[in-house]
Amino acid sequence: MAIFGDYDVDGVSATSLYLSFYQGLGGNACGYIPHRVREGYGLNEGAVRRLAEEGISLLVTSDCGTTSHHEIAVARELGMDVIVTDHHQTDATMPAALAVLNPHRRDAIYPFKGLCSAGLAYKVVSAYQQRYGSGDVEPDSCLDLVALATVADIVPLQDENRILVREGLTHITRGARAGIRALKQVAGIAKACTSETIGFRLGPRLNAAGRLDHAMLCVRLLTTESDQEAMQIAERLEQLNRQRQQIEEGITGEAATYLQQDEPAAAIVLGSRDWHLGVVGIVAARLVDRFHRPSIVMAIDGQGIGKGSARTVEGFDLYQGLSECKDLLEAYGGHPSAAGLTLKEPRLEEFRRRFCEVVAQWAGSARTVPTLHVDAEVAVERRHPAVLLEAIAIGGDLDEAALPEAGGLAGLGFQARVQIAGVLAQLGRGLRRRAERDHQAGGVPGRARGQAVALEDDDVLPAGVGQVVGDRAADDAAADDDDAGVRGEHGFGHGRAAYPRRPRRRQSAHTGAMPVADHRFLALSARFLARRAPGRALARLAD
């Protein structure tokens with residue numbers, strides 16, 4: 001059997017999980033990841049024919065295959081059975097495979113739609129074990145791979161994904177897998193791992209292989225039992241990630257310079273023969289952050305074929321938007337928030353015009369101002385210092401001198417106010433200056449990504465400073481290590497606070513005060529703060 005995966009973190013993690021489990025059963029299994037530049041995303045006929053020549057009789061896809069009707073038909077003609085395991089958006093008609101496992105199938109009855117492909121692979125091997133028994137590898141020992149993929153692929157951290165990630169992070173922290181131990185070492189990770197660790201440290205390094213080299217490097221890393229081999233591969237990934245950062249910075253600057261010459265249209269569609277295909281997704285995400293418009297960035301090869309990645313703003317479904325332009329495209333696919341596409345260079349201008357019209361029509365009745373989603377607005381009065389300190393640590397800094405006069409803190413008592421004042425200097429005076437500058441300019445600190453808890457503006461914090469903001473990674477896998485902002489793990493999800501260039505509208509589903517947090521949450525909050533800003537005051541809170 002062959003496991004045919006994708007070149008992102010989800011694809012290589014799912015492929016590694018399948019290989020580890022079925023090889024542990026004694027199965028004759030191999031992995032195949034297409035080269036991003038030479039082959040592109042998903043099943044391709046050339047690879048299917050080569051695998052058939054090698055004697056493969058069962059082809060299992062991971063993170064691809066849902067829309068590969070032709071390639072699966074070819075595989076069947078060549079005598080192969082095909083099982084599709086994927087979580088991308090589906091067509092009305094499923095391919096003629098032996099089985100198509102996808103939570104987004106229109107006839108799917110599985111209650112949770114948010115699994116990534118590695119999470120789906122975990123379900124498959126767990127079901128196999130339940131029916132046929134296990135081998136040398138227990139499915140639960142692969143939860144580190146599931147956690148990597150779930151966070152890096154930016155699927156919702158809700159429902160069972162929260163449990164899978166929590167358990168997987170325990171495995172990653174322990175370093176049970178040789179490849180993850182090596183990757184943590186080259187990334188300088190010595191402490192307990194969080195979703196932030198995956199999103200900003202491990203994920204970018206794993207993605208770098210598929211962008212600039214070959215993603216099979218990652219499969220080798222995640223399946224090897226040799227510490228020496230693992231370290232060699234991890235060091236190579238570190239080099240590739242640094243190279244990727246340099247290439248991305250150059251393309252992003254070039255694209256931004258071009259867009260600043262004129263007022264951007266309803267959407268951004270850019271392509272160039274000088275751009276590297278491996279980083280166009282990250283660049284598209286950067287443009288969305290900067291210009292708040294759906295963005296498509298393409299690299300055009302010497303034959304005039306443009307391949308690109310698309311990212312979007314909240315509310316606009318990229319997959320449906322591309323569907324309205326499908327007559328101009330050679331291929332497309334993906335999710336509502338991220339997609340890929342292929343088109344011929346002569347059609348680029350017509351596609352740009354059509355796609356911008358589609359977005360403009362949507363924007364005519366939709367909000368185009370970035371939105372910060374808020375779970376609850378928390379009044380400062382009578383809140384435990386740990387809760388306030390956590391909000392400040394994630395969302396920004398305050399002026400220590402203002403605290404004794406702040407009426408909103410009066411209910412906390414003098415000792416609590418002293419503790420808070422003593423901590424603020426450790427949280428970074430630079431953030432306070434940036435927050436004050438943004439506030440004076442009319443900006444609202446915080447990113448409109450994920451869920452948030454905001455302190456009420458009139459309690460202590462000026463105009464939104466102190467919002468606890470959920471984060472999405474800048475690409476389909478993860479953001480860079482050097483992204484601006486304060487990042488941290490807290491009781492409401494994984495988050496980062498940053499400072500945008502324009503005001504953001506806030507929405508709140510609940511405007512009342514949030515109930516007082518329980519002691520267990522306060523203890524977790526205090527321990528987090530003790531790690532972020534060590535000091536005697538925080539140590540006392542942690543105790």
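Residues numbered from 1 in each chain as written. Predicted model: local features only at pLDDT ≥ 70, side-chain atom pairs only at ≥ 80, totals over all residues. Heavy atoms only, no water.

*Asks:* Please explain the overall build of the protein as it appears in this structure.
*Replies:* Secondary structure assignment for the protein yields 18 helices and 17 strands. In the protein, of all internal contacts separated by at least 6 residues, the share reaching a separation of at least 24 is 69%. Accessible surface computed for the protein: about 23300 Å², of which carbon and sulfur atoms make up 48%. (Helix = DSSP H or I, 4+ residues; strand = E, 2+ residues; numbered from the N terminus. Contact = heavy atoms within 4.5 Å. Areas by Shrake-Rupley, 256 points an atom, 1.4 Å probe, with all protein chains shown as cover.)

*Asks:* So what exactly am I meant to see when it comes to a nonpolar patch on the surface here?
*Replies:* Judged by side-chain polarity, Leu25, Tyr128 and Tyr132 come together as a nonpolar surface patch covering roughly 290 Å² of accessible area. Tracing the sequence through the fold places Tyr132 in helix H4 (residues 117-132). (Patch = residues over 30% accessible without salt bridge, like charges linked within 9 Å, V, L, I, M, F, W, Y side chains within 5 Å. Salt bridge = Lys/Arg side-chain N within 4 Å of Asp/Glu carboxyl O.)

*Asks:* When you look at the packing of aromatic side chains in this model, what are you seeing that I'm missing?
*Replies:* Two measures describe an aromatic ring pair: the distance that separates the ring centres and the angle between the ring planes. Per the counting criterion, the structure on display carries 10 aromatic pairs. Judged by centre distance (6.3 Å) and plane angle (25°), the ring pair of Tyr18 and Tyr22 falls under stacked. Residue Tyr18 and its partner Tyr22 are both found in helix H1 (residues 9-24); the two are separated by four residues, about one turn of the helix. Looking at Tyr22, the relative accessible area reads 13%, which means it is buried. Seen in terms of ring centroids, Phe351 and Phe355 are 5.7 Å apart; in terms of plane orientation they differ by 25°. Their pairing is stacked. One end of the pair is Phe351 and the other is Phe355, both in helix H13 (residues 348-363) and four residues apart, which spans about a single turn. (Phe/Tyr/Trp six-rings, centres within 6.5 Å; stacked < 30°, edge-to-face > 60°. Buried < 20%, exposed > 50% of the residue type's maximum accessible area, 1.4 Å probe, protein only.)

*Asks:* Help me understand the pairing of strand S4 (residues 81-85) in this model?
*Replies:* One face of the sheet, then the other: side chains in a regular strand alternate in exactly this way. Two elements, strand S3 (residues 58-62) and S4, share five bridges in a ladder whose sense is parallel. By the bridge assignment for S4, Leu59 is matched with Val82. Between S3 and its parallel partner S4, the chain crosses via helix H3 (residues 69-77), and the hand of that crossover is right-handed. Pairing analysis gives three bridges linking S4 to strand S5 (residues 99-101), with the strands arranged parallel. Counterpart to Thr85 in the pairing with S5 is Leu101. (Pairing = 2+ DSSP bridges. Right-handed = clockwise from strand over helix to strand, strands pointing away.)

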